[in-house]
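Structural description and commentary
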Amino acid sequence: MMDGLITGRLTGIPESRVDRNRRPYMVARMRANAGDGSSIPVNIVAFDAAPCAVLRSLTEGDAIALRGSITPKVWIDRQEEAHAVLDLVAQQVLAAPNLSDL
């Protein structure tokens, strides 16, 4: 796990969830540019009220920048190819709503 800042676009609508102790949190997914023209999927989870509030106001396609703890992972698809993925626990979320929606 490492602290970092990552930017990208949401690939779905963020979802509110409640843990088994009835504490609310948010989950979302985004794609971040990898620098070589490809992109990396990022799984986002937020527990604090401020990042949850920002995520709740967003929709698919919105540009976001997130600061938090990043854990790099690898998953193997059905063809047994390895793919990079990042898990991020968001501590701060900066967002730019999709201008085509305005």
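So, here's what we can say about the structure.

Cut-offs applied
Residues numbered from 1 in each chain as written. Predicted model: local features only at pLDDT ≥ 70, side-chain atom pairs only at ≥ 80, totals over all residues. Heavy atoms only, no water. Phe/Tyr/Trp six-rings, centres within 6.5 Å; stacked < 30°, edge-to-face > 60°. Helix = DSSP H or I, 4+ residues; strand = E, 2+ residues; numbered from the N terminus. Buried < 20%, exposed > 50% of the residue type's maximum accessible area, 1.4 Å probe, protein only. Contact = heavy atoms within 4.5 Å. Arc of directions from axis to C-beta. Pairing = 2+ DSSP bridges. Salt bridge = Lys/Arg side-chain N within 4 Å of Asp/Glu carboxyl O.

Here we look at the packing of aromatic side chains
Under the criterion given, the structure shown has one aromatic pair. Each ring, one from tyrosine 25 and one from phenylalanine 47, has its centre 5.7 Å from the other, and the planes form 35°; the classification is tilted. Of this pair, tyrosine 25 sits in strand β3 (residues 24–33) while phenylalanine 47 sits in the loop between β4 (39–46) and α1 (49–56), and the two are 22 residues apart along the sequence.

Remarks on the environment of histidine 83
For histidine 83, the location among the structural elements is in strand β6 (residues 82–96). In this structure histidine 83 comes out as partly exposed when scored by relative accessible area, which is 25%. Taking the C-alpha atoms as reference points, histidine 83 and alanine 50, 33 residues apart in sequence, are found 31 Å from one another. Excluding anything up to four places from it in sequence, histidine 83 contacts Lys73, Val74, Trp75 and Asp77.

Some points on α1
For α1, every residue scored as buried is listed here: Pro51, Cys52 and Leu55. Axial view of α1: buried residues confined to an arc of 100°, hence all on one face. In this structure, α1 carries Ala49 and Ala50 as exposed residues pointing more than 90 degrees from its buried face.

A few points about the pairing of strand β2 (residues 15–18)
Taken together, the four bridges between β2 and β3 define a ladder with antiparallel strand orientation. Within β3, the residue paired with arginine 17 across the bridge is tyrosine 25.

Observations regarding the environment of phenylalanine 47
Its relative accessible area of 48% is what places phenylalanine 47 among the partly exposed residues. Look past the residues within four positions of phenylalanine 47 in its chain and what remains in contact with it is Pro24, Tyr25, Cys52 and Val89.

Quick notes on the pattern of salt bridges
Counting across every chain of the model gives three salt bridges. Glutamate 15 serves as the salt-bridge partner of arginine 17, at 3.0 Å between the closest nitrogen and oxygen. What makes glutamate 15 partly exposed here is its relative accessible area of 41%. One salt bridge in this structure joins arginine 23 and aspartate 19, with 3.0 Å as the shortest N-O distance.

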